[in-house]
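Coordinates in review
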Amino acid sequence: MAKTLNVAVVGATGAVGDAIISILEQRAFPVNNLFPLASERSAGSVVSFKGKSIRVARLDEFDFSSVNVGIFSAGASVSEIFAPKAVESGCVVVDN
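Side note on the overall build of the protein
Each helix and strand counted, the protein has two helices and seven strands in total. Tracing the protein from N to C terminus, the helices and strands come up as β-α-β-β-β-β-β-α-β. For 96 residues, the compact-globule estimate of 2.2 N^0.38 gives 12 Å, and the protein sits close to it at 12 Å. Referenced to the eigenvectors of the C-alpha coordinate spread, the extents of the protein come out at roughly 35 × 25 × 20 Å. Per-residue burial for the protein yields a buried fraction of 38% across its 96 residues. The contacts in the protein between residues at least 6 apart in sequence include a share of 54% that link residues at least 24 apart.

Next comes the structure, spelled out in structure tokens:
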């Protein structure tokens with residue numbers, strides 16, 4: 001059995017974040033847990049993944065220590081602040 005990964009999508013409620021989540025599902029990427037993250041303004045909204053509704057969490061309150069891969073698509077200023085924090089927690093970061 002392939003290893004499954006805990007994946008965070010930063011900017012999950014934007015157009016690119018939505019596309020990333022769709023591609024993860026379409027390509028059967030081995031996601032164990034999906035953590036959709038966004039700003040305070042978008043937190044609390046819901047995204048769909050593998051037939052489940054997942055509530056979007058606030059990026060500024062998120063602990064990346066349980067995440068294997070973080071896919072960032074929220075703009076350079078957001079990545080500049082939060083990508084290093086994710087890496088320090090042991091997360092591999094892919095920044096759009």
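Comments concerning the sheet that holds strand 2 (residues 31-38)
Reading across from one edge, 5-2-1-6-7 is the order of the five strands in this open sheet, with parallel pairing throughout. At either end of the open sheet lies a strand with only one pairing partner, and these are strand 5 (57-58) and strand 7 (92-95). The sheet contacts of helix 1 (residues 15-26) involve strand 1 (5-10), strand 2 and strand 6 (69-72), and relative to strand 1 the element is tilted by about 160°.

Conventions used here
- Residues numbered from 1 in each chain as written.
- Predicted model: local features only at pLDDT ≥ 70, side-chain atom pairs only at ≥ 80, totals over all residues.
- Heavy atoms only, no water.
- Helix = DSSP H or I, 4+ residues; strand = E, 2+ residues; numbered from the N terminus.
- Rg over C-alpha atoms; globule rule 2.2 N^0.38 Å.
- Buried < 20%, exposed > 50% of the residue type's maximum accessible area, 1.4 Å probe, protein only.
- Contact = heavy atoms within 4.5 Å.
- Pairing = 2+ DSSP bridges.
- Axes fitted to C-alpha atoms, helices over the stretch in contact; angles between N-to-C directions.

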